[in-house]
Structures are given as C-alpha cells and as structure tokens.
Amino acid sequence: MHCPYCRHPDSRVVDSRVADDGSSIRRRRQCSSCTRRFSTLETTSVNVIKRSGATEPFQRAKIVSGVRKACQGRPVSEDDLALLAQEVEESIRARGLAEIDANDVGLAILEPLQRLDEVAYLRFASVYQAFDGLEDFETAIRTLRGINAAPDAAGASKDSAEGQDESGEEDAPKKKSRRRSRPAPEPEDPDQPTLI
Ligand SMILES: [Zn+2]
C-alpha cells in the first residue's frame, strides 16, 4: 500500500491494535520516504451474494444510494443515511460471515430504516419485498402501528409474521406466491429504487 501523502510504495508498521470485538486490526504506519504516519484498517471482506448468484464485495455506498432513493422528499439528511449505512454494515460484520445473502442485507436495512422514516420504510419495503397491492401496504402499516403502539411488541409481531410465513396461515400463502411470481427487480437497473 502506498503512502497517502507522497505515494511512496514502502512503509513500516509502528503499531498494531486489534479492535475490542476482534473484527479488525488497525495498523499505524510510517512512510519510509516522507516519514509521515497514516493508519490502515484490516477487516475481513464481506461478499454479497446477489439474486443472480453473482457475488460482489459489500459496499456501504450501495446501502446509501438505495436508501436515498426511498427517502426522496423526506426529512432525511445525508448524515442520517451515512449513520444508517454504518449501522447496517456493523450489524452485518458482527455476524462474522465471509458471505451474506442480498436478501439478508435488505432485512438488515429494514429495521433501522423503519426507525428513521416510516414513509421511506414503506417505499423501500414495497420494492424490496415486492408489494403487489394495497393489501401488502395495509399489512405493513398495521405492523408499523403495532410497533408504535407497543414498543415491547416489536419483537413479538416480527415473530408472528415469520410464523405466518412458515405455517402458511391466513394471507401468507398468497403473499408468498406473489413474491415468487414477481421477484424484486435486479439492482443493476439504475431506475429501480432498490439496491441489492
Ligand atoms: Zn510518504
């Protein structure tokens, strides 16, 4: 790695520190030409497995651009987006996996986005979970209302939603088949408000 000041290709390590959670190593380096010091951060790279089966390195910028589209016209600042993306990256890195499904990246976004802005959350969820009609919005809004009415119920309502998917109760089968028949758009299309 070259020196970020003079681009000299050689530097020596003057200090190494492992992060408290063991997920990264920070190294203090000194350029052997200009003698200025800089830091490098070494972490495992996380690959995202896309729906197509292709993998690409996890990029925080993709989280930001995807969520930004969902936040158009909403009172959400660039700082909010940066913080959300950081939170998503941390939650993904905390799993300690070398690879993660694009689906799981999306799920990791939904929760902090819901806390940030509920309208943006509904937009994002509608694309990401391929909402097919008013019914899907109504279900999502009901869930949001439930979460807001009783903060303690957040986990419980999530569990029951998952349980429905698994047991195939009520409206779950319809939803599942919709999702299968109409998968979310691929991220390569820049016009689609999706990111993964
Ligand atoms: Zn240098």
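Above this text you will find the structure in question.
A short tour of the structure in this document, coming up. (Residues numbered from 1 in each chain as written. Predicted model: local features only at pLDDT ≥ 70, side-chain atom pairs only at ≥ 80, totals over all residues. Heavy atoms only, no water.)

Computed from the structure, the second largest pocket encloses a volume of approximately 410 Å³. Asp21, Ser23, Ser24, Thr43 and Arg93 are the residues nearest the centre of the second largest pocket, which is lined by 20 residues in total. The set of elements that each furnish at least two residues to the lining of the second largest pocket consists of β1 (11-18), β2 (24-31), β3 (37-43) and α2 (78-93). For the lining of the second largest pocket, the element with the highest residue contribution is α2, accounting for four residues. A per-class count over the lining of the second largest pocket returns seven nonpolar, six polar and seven charged. (1 Å grid on protein atoms, 1.4 Å probe; cavity = no way out; pocket = protein on both sides within 12 Å on 5 of 7 lines; lining within 4 Å. Points joined across faces, edges and corners; volume = space filled by probe spheres on them. Helix = DSSP H or I, 4+ residues; strand = E, 2+ residues; numbered from the N terminus. Nonpolar A, V, L, I, M, F, W, Y, C, P; charged D, E, K, R; others polar.)

The next thing to look at is the packing of helix α4 (residues 118-128) against helix α5 (residues 134-149). The relative placement of two packed helices is expressed as an angle between their axes plus a distance between the axes. Viewed as axis vectors pointing N to C, α4 and α5 meet at an angle of 140 degrees, and their least axial separation amounts to 11 Å. In this view, α4 runs oblique relative to α5, as classed from their interaxial angle. For the pair α4 and α5, the sense of crossing is right-handed. Here Glu118, Tyr121, Leu122 and Ser126 of α4 lie close against α5, whose contacting residues are Phe137, Ala140, Ile141, Leu144 and Asn148. (Axes fitted to C-alpha atoms, helices over the stretch in contact; angles between N-to-C directions. Parallel < 35°, antiparallel > 145°, perpendicular 65-115°, else oblique. Left-handed = near helix turned anticlockwise from the far one by under 90°. Contact = heavy atoms within 4.5 Å.)

This brings us to the sheet that holds strand β6 (residues 99-101). Taking strand neighbours across the sheet as the criterion, the three strands line up as β5-β4-β6 in an open arrangement whose pairing is mixed. Because the sheet does not close on itself, it has two edges, and the strands there are β5 (55-57) and β6. Taking each pair of neighbouring strands and ignoring which way they run, the sheet shows an average axis angle of 30 degrees. Pairing between strand β4 (residues 47-49) and β6: three bridges, direction parallel. Across the sheet, residue Asn47 finds its bridge partner in β6, namely Glu99. (Pairing = 2+ DSSP bridges.)

It is worth spelling out unusual backbone geometry at this point. Glycine aside, the phi torsion of most residues is negative, and most peptide linkages are trans. One non-glycine residue with positive phi stands out, namely Arg7, at about 65 degrees. Mapped onto the fold, Arg7 is located in the segment before β1. Under the relative-accessibility criterion, Arg7 is labelled exposed at 59%. Of note in the backbone geometry, Thr35 takes a positive phi value of approximately 65 degrees without being a glycine. For Thr35, a relative accessible area of 49% translates into the label partly exposed. (Buried < 20%, exposed > 50% of the residue type's maximum accessible area, 1.4 Å probe, protein only.)

Glancing now at the pairing of β2. Here β1 runs beside β2; their pairing, made up of seven bridges, is antiparallel. Note that in β2 the partner of Ser16 across the bridge is Arg27. Where β1 hands over to β2, the hairpin turn is made up of five residues, of which Gly22 adopts a positive phi near 75 degrees. Bridge analysis of β2 against β3 gives seven bridges, and the strand direction is antiparallel. Looking across to β3, one finds that Ile25 is bridged to Glu42. Once β2 ends, the chain turns through five residues before running back antiparallel as β3, passing Thr35 with a positive phi of about 65 degrees.

Here Glu87 is to be found in helix α2. When the C-alpha positions of Glu87 and Ala108 are compared, they lie 8.9 Å apart, and in sequence the two are 21 residues distant.

Moving on, we get to the coordination of the zinc ion. Listed as protein donors to the zinc ion are Cys3 (SG), Cys6 (SG), Cys31 (SG) and Cys34 (SG); their distances from the metal cover 2.3 Å. Coordination at the zinc ion comes from four donor atoms whose angles at the metal span 106 to 115 degrees, giving a geometry best classed as tetrahedral. One chain supplies every donor to the zinc ion, and in sequence these donors are spaced C-x2-C-x24-C-x2-C. With Cys3 in the segment before β1 and Cys31 in strand β2, this pair connects stretches of sequence that are 28 residues apart. (Donors = N, O, S within 2.8 Å, 3.2 Å for Na, K, Ca; no water. Tetrahedral: all angles 85-135°; square planar, octahedral: opposite > 155°, others 65-115°.)

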